[in-house]
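Listed below are the residues making up each chain.
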Amino acid sequence: MSGAGSLPVAPRDDLALVEGYHSPQVDVEVRLNTNEAPLPPPAGFVDALADEVRSIAFNRYPDRAARELCAALAELHGVRAEQIFAANGSNEVIQCLLLAFGGPGRAAAVFEPTYLLHTHIAKITGTEVLTGRRSEDLSLDLAEFERINSAHRPAVTFICSPNNPTGRSESREVIEAVAARAAGLVVVDEAYGQFAHWSALPLVSDEGRVVVVRTFSKTWSMAANRLGYVVAPAGVVSVLEDVALPYHLDAIKQAAGRVALRFRAEMEARIAGVVEERGRIAARLSELDVQTWPSDANFILLRPLHRGAKEVWSGLVERSVLVRDCSEWPGLEGCLRVTVGTPEENGRFLTALTEVLD
Ligand SMILES: *Cc1c(COP(=O)(O)O)cnc(C)c1O
């Protein structure tokens, strides 16, 4: 039996406001719907990780503070290890940020269309969500930020840059302007940061209010590993450690993160490959009957001009190509989002799209 009627106790009333988060998984040959990296990590990564796994003391709890991993990440970004907090995917980082700085009686600001999980996790943590709108060109509207910030003083302001699903990144000037005026923490979600032309990482300082969230899921080809982190003022990191569950990062995951960082050159070559393919897809899309937006990420947002999004989405599925249907997301009527895949996958997508639009 299932359904609310059979529960021994009703769930929290405010969970009624939370909708599930789903990305339909359809059985197709070309999956370009979840912004994953098109290639697995280098073979050497798996071998090196297997060696590390053999030396784990499995009867012991892992290093609770993940010190070696945080030290390696600190070295990568030129910050101090006390400025890094790692968790099970950047979604858990965001959950910890909201557990620590959001919660009942507090609010988080989001600017739609943007990453739906910011709103979703805020609601689950009992944080009120203040929803602003982006400008016509889908960039952040500073006047809208100012309106929400001064009226409601949010404890957390989310800025996804490059923004999912629009692909745009905010300029340094915009993020600095937000940081100068924000009532609380400014969380810059850089899940796609390595594909972009700049990063907000240099804006993080112990005295400041900017934190930058990153993940191994996209650029590091490690979505299966569930590993993300934040670069933040040391004081913020120490609060995040307080709200995380003890030993939340298992030993295999810590090893995977450390080992991956030894393959930086290979990862950067993959990123360059994705950026090149992104340019090729964008060039072809500009010849088709679709509207597109410039992308600084590993995906492109597009809107068929004379066809319904659902019809195009189904036509692509019939040709065994899966993209993300964003047409019901706020502000994205008629839009689809395609992840940059391998050259072959991108070719299949472009051929299928050309046929469907014909
Ligand atoms: C994919 C994505 C994440 C990644 O979440 P993980 O939990 O690290 O896999 C975070 N933020 C944005 C905007 C994303 O698109």
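Further up the page is the structure itself.
The sections below set out a description of the structure shown in this document. Because the structure is a prediction, the values reported are computed rather than measured.

With that settled, consider the site of the ligand. Near the ligand you find 13 residues, and of these Ser90, Tyr192, Thr215, Ser217 and Lys218 are the closest. In the model, an oxygen atom of the ligand is placed 2.6 Å from a nitrogen or oxygen of the tyrosine 192 side chain. Arginine 226 places a side-chain nitrogen or oxygen 2.7 Å from an oxygen atom of the ligand. In the complex, 94% of the free accessible area of the ligand, which totals 390 Å², lies under the protein chains. A per-element tally of the shell around the ligand places helix α3 (residues 89–101) first, with three residues.

Along the polypeptide, histidine 197 turns up in the loop between β6 (185–189) and β7 (210–215). In this structure the C-alpha to C-alpha distance between histidine 197 and glutamate 128, which are 69 residues apart in sequence, comes to 33 Å. The residues contacting histidine 197, other than those within four sequence positions of it, are Ser169 and Asp296. Among the polar contacts listed, one links the side chain of histidine 197 to the side chain of aspartate 296, at a separation of 2.6 Å.

If you walk across this open sheet you meet the five strands as β1-β11-β12-β10-β9, and the pairing is mixed. Two strands close off the open sheet at either side, each with one partner strand: β1 (30–32) and β9 (290–292). Adjacent strand axes in the sheet meet at a mean angle of 35°, parallel and antiparallel pairs treated alike. Relative to strand β11 (residues 321–325), β1 runs parallel, the two sharing three bridges. When the sheet's bridge partners are listed, valine 30 is paired in β11 with valine 321. Lying on the sheet, helix α9 (residues 264–285) is in contact with β9 and β10 (299–304); it crosses β10 at an angle near 10°. Across the sheet, helix α10 (residues 309–318) lies against β10, β11 and β12 (336–339), angled at about 155° from β11, the strand it touches most.

So, on to the pattern of salt bridges. According to the stated counting rule, one finds 22 salt bridges in the structure shown. Among the ionic pairs, arginine 348 bridges to glutamate 29, the shortest N-O distance being 2.8 Å. A residue pair is termed long-range when its members are at least 10 positions apart, and arginine 348 in helix α11 (residues 343–357) and glutamate 29 in the segment before β1 qualify at 319 residues. Linking arginine 80 and aspartate 206 is a salt bridge whose minimum nitrogen-to-oxygen distance equals 2.8 Å. Of this pair, arginine 80 sits in the loop between α2 (67–77) and β2 (84–87) while aspartate 206 sits in the loop between β6 and β7, placing them 126 residues apart in sequence. The network of salt bridges with shared partners includes Glu52, Glu68, Arg258 and Arg262.

This part covers the packing of helix α5 (residues 142–152) against helix α6 (residues 172–181). Direction vectors running N to C along α5 and α6 enclose 15°, while the axes themselves pass 11 Å from each other. Looking at the two axes, α5 sits roughly parallel to α6. Once α5 is placed against α6, the crossing between them reads as right-handed. Side by side, α5 and α6 meet where Leu142, Phe145, Glu146 and Asn149 of the first sit next to Val174, Ala177, Val178 and Arg181 of the second. Each residue belonging to the contact of α5 with α6 can be placed in one class, and the counts come to five nonpolar, one polar and two charged.

A word on α10. Think of an α-helix as 3.6 residues a turn; residues three or four steps apart then line up on the same face. All buried positions along α10 are accounted for by Ala309, Val312, Trp313, Gly315 and Leu316. The buried residues of α10 occupy an angular sector of 160° when the element is viewed end-on, so they sit on one face. Of the surrounding elements, those touching the buried residues of α10 are β10, β11, β12 and α11. Looking one or two residues beyond α10, the residue adopting positive phi is serine 320, at roughly 65°.

On strand β8 (residues 228–231), burial covers both faces: Gly228 and Val230 on one face and Tyr229 and Val231 on the other are all buried. Direction of pairing for β2 relative to β8: antiparallel, over a ladder of four bridges. Note on β8: the bridge partner recorded for alanine 87 is glycine 228. Note: β7 against β8, four bridges, orientation antiparallel.

Attention shifts here to the packing of aromatic side chains. Summed over all chains, the structure comprises six aromatic pairs. Between tyrosine 192 and phenylalanine 299, the ring centres sit 4.9 Å apart and the planes meet at 80°, which makes this aromatic pair edge-to-face. Here tyrosine 192 is found in the loop between β6 and β7, whereas its partner phenylalanine 299 is found in strand β10, with 107 residues between them in sequence. Of the two residues, tyrosine 192 and phenylalanine 299, both sit in the buried class. A cation sits over an aromatic face here: arginine 64 above tyrosine 247, 5.6 Å from the ring centre. Over the ring of phenylalanine 299 we find arginine 337, and its NZ or CZ is 5.6 Å from the ring centre.

Analysis parameters
Residues numbered from 1 in each chain as written. Predicted model: local features only at pLDDT ≥ 70, side-chain atom pairs only at ≥ 80, totals over all residues. Heavy atoms only, no water. Near = heavy atom within 4 Å. Polar contact = N/O pair within 3.5 Å; in protein donor to acceptor, adjacent residues only side chain to side chain. Areas by Shrake-Rupley, 256 points an atom, 1.4 Å probe, with all protein chains shown as cover. Helix = DSSP H or I, 4+ residues; strand = E, 2+ residues; numbered from the N terminus. Contact = heavy atoms within 4.5 Å. Pairing = 2+ DSSP bridges. Axes fitted to C-alpha atoms, helices over the stretch in contact; angles between N-to-C directions. Salt bridge = Lys/Arg side-chain N within 4 Å of Asp/Glu carboxyl O. Parallel < 35°, antiparallel > 145°, perpendicular 65-115°, else oblique. Left-handed = near helix turned anticlockwise from the far one by under 90°. Nonpolar A, V, L, I, M, F, W, Y, C, P; charged D, E, K, R; others polar. Buried < 20%, exposed > 50% of the residue type's maximum accessible area, 1.4 Å probe, protein only. Arc of directions from axis to C-beta. Phe/Tyr/Trp six-rings, centres within 6.5 Å; stacked < 30°, edge-to-face > 60°. Lys NZ or Arg CZ within 6 Å of the ring centre and 35° of its normal.

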